[in-house]
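Descriptive analysis of the structure
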Amino acid sequence: MATPIDYGQKLLDAVSDFSPYEMQKIYEAVVFLKEKFILPDEARYDTLSWIEAEREASEAYERREVKRLHTLREMADYTEAGADEIASRVPINQPSQQRVAGLHAGAIWTSDDFDESLP
């Protein structure tokens, strides 16, 4: 059986030389992730498939198969580049027939003050 990984210690080691500003950004990111994705009593985090995925990701990182990102900007750029690469490989489905104007006339309306400034 594999030795459990102490992720708390790994996180502390990874951020030990961060500036106070960088620590603030890491803290904000962790709080955001916790609030959005790690909810109390959420059973999916206790499933074998989730635990296995975490183990595989940790091992890939240890083998240096996962790129280390140092800033949130790097993470955003890396994610965006990956999305662009995937999008370039996905074919765009063309509509099978011509669109006909006026089929849903009156189904949508725009208020008279649509172009007015917001309060």
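The text that follows walks through the structure, step by step, so that each part is easy to find. (Residues numbered from 1 in each chain as written. Predicted model: local features only at pLDDT ≥ 70, side-chain atom pairs only at ≥ 80, totals over all residues. Heavy atoms only, no water.)

1. Some remarks on the overall build of the chain
When helices and strands are counted, the chain shows four helices and zero strands. Along the chain direction, N to C, the helices and strands of the chain fall in the order α-α-α-α. By the burial criterion, 3% of the 119 residues in the chain qualify as buried. Of the roughly 11600 Å² that the chain leaves accessible, carbon and sulfur atoms contribute 58%. (Helix = DSSP H or I, 4+ residues; strand = E, 2+ residues; numbered from the N terminus. Buried < 20%, exposed > 50% of the residue type's maximum accessible area, 1.4 Å probe, protein only. Areas by Shrake-Rupley, 256 points an atom, 1.4 Å probe, with all protein chains shown as cover.)

2. Quick look at the environment of L69
Topologically, L69 is positioned in the loop between α3 (48-62) and α4 (72-89). Residue classification places L69 among the partly exposed residues on the basis of a relative accessible area of 25%.

3. Examining α3
The terminal C-alpha atoms of α3 lie 21 Å apart, and with 15 residues this matches the ideal 21 Å at 1.5 Å per residue to within 8%. In the stretch just after α3, R64 is the one whose phi turns positive, near 65 degrees. (Expected span 1.5 Å × (residues − 1).)

4. Structural notes on the pattern of salt bridges
Summed over the entire model, instances satisfying the criterion amount to one salt bridge. One salt bridge connects E28 with K25, and the closest N-O pair in it is separated by 3.6 Å. Placement of both E28 and K25 in helix α2 (residues 20-37) is noted, with a separation of three residues, approximately one turn of the helix. Judged by its relative accessible area of 37%, E28 is partly exposed. (Salt bridge = Lys/Arg side-chain N within 4 Å of Asp/Glu carboxyl O.)

5. Description of a negative patch on the surface
A grouping of D112, D113, D115 and E116 is seen on the molecular surface, where their side chains present a negatively charged patch. A relative accessible area of 48% means that D113 is categorised as partly exposed. (Patch = residues over 30% accessible without salt bridge, like charges linked within 9 Å, V, L, I, M, F, W, Y side chains within 5 Å. Lys, Arg positive; Asp, Glu negative; His and termini not counted. Charge placed at Lys NZ, Arg CZ, Asp CG, Glu CD.)

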